[in-house]
Amino acid sequence: MKPIFLLFLFCFSNLIAQSKVTISGFVSDAYKKKIIGANVSFLTSENLKYDITTDSIGRYSIEMPIGFVKVEVSHVGFVNKRLNLDLKKDISLSIVLEGRNFELKEVVIQNEQKKPLTIALGGKLAFNPQKMGNIPSISGTTDIIKLLQLTPGVQNSGDANGYLYVRGGDPGHNLMLYADTPVYGMAHLLGIFPFYNADHVSEVQFDRNNLNSKYGGRLSSTVDILPNRLVPKEFCVQGILGLLSSQITFSLPINNKTGFYISGRKTYIDEIVGPLLRSDKENTKKETEDFKYGFSDSNLTFITEISKRNILTVDAFLSGDKFRVKDPKSSLNADLKWSNMVISPIWKCLINETTTFKNSFYFTRYANDLFMDQSDVQMKISSYVKDLGYMSSIQYVVKDVPLESGFEYTFHDLSPQKIEVDNLSSIVDGKQAIENHANNAAAFAKAKPKFSDKLSAELGLRLNYYSSDSSTSFLHLEPRIMLNYFPNNGLSFFASYTRQNQYINLITASSVGIPTDFWVAASDGIPSQSSNNYSVGCNKIISRQINTCLNGYYRSMNDLIEYPYGLTQFNETTSLKNDILIGNGKAYGLEWMLKKDNGKFNGWISYTLSWSARQFDGLNNGEVFYSKYDRRHNLALVGTYDFNKKWNVGLTQLFSSGNRFTMPTSWYFVNNTPVREFGSYNNAQMPNYIRTDVSVNYSFLKTSKKESVLNFSVFNTFNIDNPIYVLLRVTVTGNKISVDTDEKKMYSILPSISWRFKF
């Protein structure tokens, strides 16, 4: 009986195993170049639909039930390909797409645009910034950070702020990646100009829940900027020439397997439009001439196919900003410089159809320097953060379950503050410097099992070990889990939980996100932060062109850092750990989005209702208070309309509650000196933020290979005052004190014109 039983068991298990098969392969063009982001759709005889997109090497892999299936492969600029299959066992199917740049005698192939913005379960979204050029922006090019601020769960940061605020978190809680490398500097000139060159970026992936265990070290979201990953086929030049700034990108093929992408940008704002950036309408010409600003950045991507299965890429990103202010009235002469450097070589090896091995090294550096000369007192404040890291990962499939595991190591070198002061009283040491060195090693694994046609999961686990030169060490385990339920083709639900820890923390000394903010490593007296994130939601496909999503979230945060002082406090500190405050926080809210794709009108509307609270023993008498990032309502409307092939218009409408700040509640005299008394922390709120941006595009020529488009944009079209901070003007007359508030804004209406070209 035993042999018969074993034979029966073997046959039964074989039938179960054969109920589903795996189909995998590559999608490429006629030149055998792999196509990234191609959509592969499968429709079974039971009308069950499966969709997948090709990854960064043009590969796809999906599990399907046995039987007849219809396959359709599509990508922007290529002819859709359809075929029928009878699936009986695991197969490898590679597909070649033909370009659309041809016309048959009696049949014209029309281009079907790929969705510019893709929303997935779990608070994830992805978009190609080069396809979002019709959305209004100051410089006429896609601003990736401001575009993310138009999506649910991301708060509008307001003017004079280039930071990202996601689900009640601090700006330093977001992991900003460029080519798998952390980027610590985040903005040009307080967010006025786009930080990234959109022409050099192929895709942006945004995860509000930080579900991918491959990435860690932050409490909030992950923003992954992916540079171009295809070897250029032919020489190409594209760019933007504008009044505020200009940029250019070269695509330089060396041969069929090797090529470069080189990009550069520069502004000349101080020479041409400096008067438009004055803080108020009463500024004189002389005061405007005392303002100087300039930035430049460059990108380089080198791609070579060493062999059919090995690809080497090298990415580099450099940026530098310089801001100068000279105010004769206050005898102030100040210079502020900040810069970024990123270098990342990546080797990717395709071992077989289902296994990919990837190794990446990276170096990143961010530094800022502030020099101030006022009333014969000179002060210099500088800081930097440098990372040297390595990551190795392998993607593979075990029993039809996609898996990925790997290892990451990072060496952190930080100088949070270096202060040099001359000609000041003896209470200041004159020099103060702090340096941190830390090591962070992590092992991670993730899996995407599918339990049935209606139930699947995304599971992850990350193990972190952190140690600093102050004998501080941590060992933390971070689980990540998301369950997906698909009751039918047009409706899906998810529930997720993630745990994160953060060891490199951003100290903000200003509410407007100036580049003097600095990073500090967890060490003696400075804790590591942690959070628990819970999220549920659903996606609904209303029609072929319209879909919507609704999410809810709750986040608890521990060992948060608050720095309640300004830059002048640095003159009196003996150590940073004596000045920072440590506390806890929570954030929760609802997010909704309705999106329309295809047709003459495209766009979306998003709304976020959120709360963000903090509790610090050293603030507000230990009572809970709203954080300065607490903005109850955030509404964004984005729309573009194509009148014809020549004319296109775009509109963005924003509304959000004002930022919170602390306002004195009373004034009195002590020894004939006016003294202010504060009530609860963050007891006041800025006015609501309202802004309307419009753009008009006229296309002289627009094809897949050539483009000539004139863009006219107006930032803050209706010239609504949106102050960035409030000054208190105190006037003492005898024994009377009068206090007036002066709301300062960065700029008002700001028109711009630019020419976008490609040839």
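As the structure is a computational prediction, the values presented were derived from the model and not from experiment.

### What about the pattern of salt bridges?
Applying the stated criterion across every chain yields a total of 22 salt bridges. Between Lys233 and Asp29 there is a salt bridge, with its nearest N and O atoms 2.6 Å apart. Pair noted here: Lys233 is in the loop between strand 16 (222-227) and strand 17 (236-242) and Asp29 is in strand 1 (residues 20-29), with a separation of 204 residues, a long-range link. The salt bridge involving Arg167 is made with Glu591; its shortest N-O contact spans 2.7 Å. Note that Arg167 is positioned in the loop between strand 12 (165-166) and strand 13 (175-178) and Glu591 in strand 34 (residues 581-596), a separation of 424 residues in sequence. For Arg167, a relative accessible area of 1% gives the class buried. Each of Arg167, Arg208 and Glu591 takes part in a single network of salt bridges with overlapping partners.

### Considering the nonpolar core
Formed by 33 residues in total, the largest nonpolar core has its most connected members in Phe127 and Trp604. Looking at this core, the elements that each hand over two or more residues are strand 9 (117-120), strand 10 (124-127), helix 2 (144-148), strand 13, strand 15 (201-207), strand 16 and strand 37 (633-642). The biggest single contributor to this core is helix 2, with four residues. Not counting residues up to four positions away in its chain, the partners in contact with Trp604 are Leu117, Met132, Ile135, Leu147, Leu150, Met593, Leu594, Lys595, Ala636, Leu637 and Val638. If you look at the next biggest cluster of nonpolar residues, it comprises 29 residues, including Phe295, Tyr366, Leu370 and Ala521.

### Side note on the confidence of the model for the protein
Per-residue confidence for the protein gives a mean pLDDT of 82; residues scoring 70 or more make up 83%. Taken element by element, the protein is modelled with least confidence in helix 1 (residues 2-17), mean pLDDT 44, and with most confidence in strand 14 (residues 181-182), mean pLDDT 95. Contacts of residues 4-18 to residues separated by more than four positions or lying in other chains number three contacts, the stretch itself having pLDDT below 50. Note that residues 279-289 has pLDDT below 50 and, in this model, twelve contacts with residues that lie over four places away or in other chains.

### Observations concerning the pairing of strand 44 (residues 707-715)
Of all nine residues that make up strand 44, seven are buried, and the element is covered over most of its length. Relative to strand 47 (residues 750-758), strand 44 runs antiparallel, the two sharing nine bridges. Of the residues in strand 47, the one forming a bridge with Phe712 is Ile753.

### Thoughts on the packing of aromatic side chains
Aromatic rings considered in pairs are described by the distance between their centres and by the relative angle of their planes. Counted by the stated rule, this structure contains 25 aromatic pairs. Each ring, one from Tyr184 and one from Trp519, has its centre 5.0 Å from the other, and the planes form 80°; the classification is edge-to-face. Of this pair, Tyr184 sits in the loop between strand 14 and strand 15 while Trp519 sits in strand 31 (residues 518-521); the two residues are 335 residues apart in sequence, bridging distant segments of the chain. A residue is classified by how much of its surface remains accessible, and Tyr184, at 4% relative accessible area, is buried. The buried category is assigned to Trp519, whose relative accessible area is 4%. Ring plane angle 40° and centroid distance 6.5 Å describe the contact between Tyr534 and Tyr554, whose orientation is recorded as tilted. Of this pair, Tyr534 sits in strand 32 (residues 529-541) while Tyr554 sits in strand 33 (residues 546-562), placing them 20 residues apart in sequence. Residue classification places Tyr534 among the partly exposed positions, given a relative accessible area of 40%. Through successive ring pairs, a cluster of aromatic residues spans Tyr497, Tyr534, Tyr554, Tyr588 and Trp611.

### Let's talk about the sheet that holds strand 6 (residues 81-87)
Taken in spatial order, the four strands line up as 3-2-5-6 in an open sheet, and their pairing is antiparallel. Only two strands of the sheet have a single neighbouring strand rather than two, namely strand 3 (49-53) and strand 6. Strand after strand, the sheet turns through a mean of 20° between neighbouring axes, direction not considered. The pairing of strand 2 (residues 39-44) with strand 5 (residues 67-74) spans six bridges and is antiparallel. Counted as the bridge partner of Thr44 is Val69 from strand 5.

Criteria and cut-off values
Residues numbered from 1 in each chain as written. Predicted model: local features only at pLDDT ≥ 70, side-chain atom pairs only at ≥ 80, totals over all residues. Heavy atoms only, no water. Salt bridge = Lys/Arg side-chain N within 4 Å of Asp/Glu carboxyl O. Helix = DSSP H or I, 4+ residues; strand = E, 2+ residues; numbered from the N terminus. Buried < 20%, exposed > 50% of the residue type's maximum accessible area, 1.4 Å probe, protein only. Core = buried A, V, L, I, M, F, W, Y, C linked by side-chain atoms within 4.5 Å. Contact = heavy atoms within 4.5 Å. pLDDT = per-residue confidence, 0-100. Pairing = 2+ DSSP bridges. Phe/Tyr/Trp six-rings, centres within 6.5 Å; stacked < 30°, edge-to-face > 60°. Axes fitted to C-alpha atoms, helices over the stretch in contact; angles between N-to-C directions.

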